[in-house]
Amino acid sequence: MYKQIPIAEGLFTWPSETPALLGSRCRSCNIAEFPRKPSCPACGSEDVVTEELPRRGKLWTWTIQGFMPKKPYHSDETPETFTPFGVGYVELPGAVCVESRLLENDPAKLKIGMEMELVVETFRHDDAGNPVMSFAFKAAE
Amino acid sequence: MDVAIVGIGIHPFGRTPGLSGLQQGAYAARLALKDAGVEWKDMQFGFGGSASAGSADAMVNELGLTGLPFINVANGCATGGSALISAFNAIKSGEYDIGMVTGFDKHDRGAFNADPKQMGIDEWYGEVGLMMTTQFFAMKIQRYMDTYGISNNTLAKVAQKAFSNGAKNPNAWRREEIPLEVISQSPMISHPLTKFMFCAPGEGGVALILCRADIARRYTDKPIYLKSAAVRSRRYGSFEVFAPSQALQQVDGPTVDASKAAFEAAGLGPQDIDVLQLQDTESGAEVMHMAENGFCEHGEQEALIQAGETGIDGKLPINTDGGCLANGEPIGATGLRQVYETCVQLRGEAGERQVPSAPKVGYTHVYGAPGISAVTILQR
């Protein structure tokens with residue numbers, strides 16, 4: 001029986017029907033950060049709390065990764081099976097702008113300002129065949 | 001105490017299979033010593049760095065074991081600029097009269113593969129394919145084009161100019177002009193940037209001899225004065241490479257901060273600059289850096305570049321030696337290559353690529369991961 005394993009602990013709520021990214025928020029200056037950090041990137045305060053980030057936001061910018069990255073890239077792909085993938089920053093309102101893979105890789109279908117939503121999907125498989133889960137954003141329905 | 005550059009040396013950029021990065025640095029060092037009419041034993045200090053070609057201080061094994069203090073500098077793409085600033089301050093302090101700055105490198109083929117751990121980032125970030133400088137530059141120019149109306153054709157024109165200038169530079173790697181449509185139609189690396197709009201990791205070495213300005217004429221009749229040199233790191237809210245998240249509200253980046261600091265220290269402004277070298281790791285970077293360094297307003301680049309004003313004969317000559325696009329990117333050497341080219345231009349020795357207006361003041365700028373910038377202002 002295979003088990004879904006998150007790519008990193010504490011990155012997003014999992015298992016969950018409606019997973020959310022986990023960020024940290026500074027209690028003195030109210031700045032949010034992703035992923036969670038033990039201190040605030042703006043003021044250096046260690047008084048930070050974990051919070052679930054909004055699951056929807058607007059696309060701030062994007063690109064398409066056209067060639068297979070070298071290590072440390074670690075997917076199930078080979079140079080022959082590699083598929084270009086979208087990358088973007090998504091503005092999560094009231095929180096932070098998060099960098100993410102995008103499920104869309106067609107430049108004609110990506111537009112700055114479009115509404116996006118979070119998904120958690122299988123990114124690769126580990127040596128035992130378990131699905132390794134990671135997050136991405138797709139065009140909101 | 002003012003500071004002058006009295007000797008310059010370069011090893012041609014590109015691929016040199018027979019020489020290590022260190023040997024290319026030593027080659028440049030010998031040329032710089034000869035240019036200043038001094039010997040290695042006359043050097044009172046050395047600052048130098050490389051990212052992938054070993055410790056710069058191992059160069060003493062090539063040049064001679066004289067016992068001088070030699071300090072390795074490592075600061076990403078701002079390594080050369082940081083070494084230069086260290087030397088600048090060492091002489092300004094009155095501690096030393098004369099010394100050397102060097103930067104060299106030798107990288108493997110293909111895109112850089114940065115290690116997330118080195119940057120304080122968790123491993124998942126690299127595993128899912130986000131640890132790519134190319135993506136950052138593409139996403140920065142993508143938003144910039146949307147906000148300020150820069151066209152794809154303008155991105156191609158930046159690369160076309162770089163290769164055209166490189167063709168006039170005997171030390172450049174890419175020495176052939178490339179037609180605009182070939183640049184535009186080359187494979188898309190990271191939308192909107194094509195293959196020929198990106199520089200490639202490469203090899204090369206540069207060395208400079210710096211001394212107290214009051215003794216400069218002992219060594220050369222064409223001293224170039226280092227009016228100012230500034231390095232800045234990012235502040236919270238600037239959009240930077242290798243950032244899993246960034247602030248909702250943007251602030252000016254380290255380039256803007258370093259540029260302002262350098263202009264203020266020199267008592268000069270953008271209108272005083274006759275020739276400039278701006279970090280152009282890809283076409284979009286040159287466009288954005290024009291405004292970030294204060295040489296135009298955001299969005300004005302479109303008209304300036306389309307009118308050819310950034311060419312050697314234009315009113316804002318940028319990257320006269322072909323920049324990173326034609327010279328490649330040996331990380332440790334790039335910042336000093338820009339200073340080398342500026343000295344050549346201010347001396348009036350740039351031959352076919354000489355800016356015709358007898359330039360008096362020059363400007364250099366590098367930007368690198370994870371959000372640092374170094375600027376120098378030079379005057380003859």
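Here, the structure is the one placed above.
Every value quoted in this text rests on a predicted model; they were computed, and no experiment measured them.

Draft legend 1. Examining the interface of chain B and chain A more closely. In this assembly, 36 residues from chain B lie in contact with 44 residues from chain A. In total, chain B and chain A occlude about 3,400 Å² of area from one another, counting both sides; carbon and sulfur atoms represent 62% of this. The interface formed by chain B and chain A includes one salt bridge. Two residues, Glu127 of chain B and Arg124 of chain A, come together in a salt bridge whose shortest N-O distance is 3.2 Å. The interface formed by chain B and chain A contains 17 residue pairs in polar contact (both at pLDDT 80 or more).

Draft legend 2. Main features of the nonpolar core. Core analysis: the biggest nonpolar cluster contains 51 residues, and Leu21, Phe34 and Phe135 of chain A together with Trp124 of chain B have the highest contact counts within it. Among the elements of the structure, β5 (56-65), β6 (85-92), β7 (96-102), β8 (115-125) and β9 (131-139) of chain A together with α4 (123-127) and α5 (133-148) of chain B are those that each provide at least two residues to this core. Top element by residues in this core is β6 of chain A. It accounts for five residues. In contact with Phe34 of chain A, other than residues within four places in its own chain, are Leu11, Leu21, Leu22, Leu53, Val96, Val98 and Phe135 of chain A together with Trp124, Pro244 and Ser245 of chain B. Counting residues in each nonpolar core, the second largest holds 45 residues, with Ile150, Ile183, Leu276 and Val361 of chain B among its members.

Draft legend 3. Representation of the environment of Lys168 of chain B within the structure. Residues and elements named next belong to chain B. Position of Lys168 relative to the elements: it lies in the loop between α6 (152-166) and α7 (180-185). We classify Lys168 as partly exposed; its relative accessible area is 24%. Those residues in contact with Lys168 that lie beyond four places of it in its chain are Ile312, Glu352 and Arg353. A polar contact is formed between the side chain of Lys168 and the side chain of Ser164, at a distance of 3.4 Å.

Definitions and cut-offs
Residues numbered from 1 in each chain as written. Chains lettered and ligands numbered in written order. Predicted model: local features only at pLDDT ≥ 70, side-chain atom pairs only at ≥ 80, totals over all residues. Heavy atoms only, no water. Contact = heavy atoms within 4.5 Å. Buried area = accessible area lost by both parts, 1.4 Å probe. Salt bridge = Lys/Arg side-chain N within 4 Å of Asp/Glu carboxyl O. Polar contact = N/O pair within 3.5 Å; in protein donor to acceptor, adjacent residues only side chain to side chain. Core = buried A, V, L, I, M, F, W, Y, C linked by side-chain atoms within 4.5 Å. Buried < 20%, exposed > 50% of the residue type's maximum accessible area, 1.4 Å probe, protein only. Helix = DSSP H or I, 4+ residues; strand = E, 2+ residues; numbered from the N terminus.

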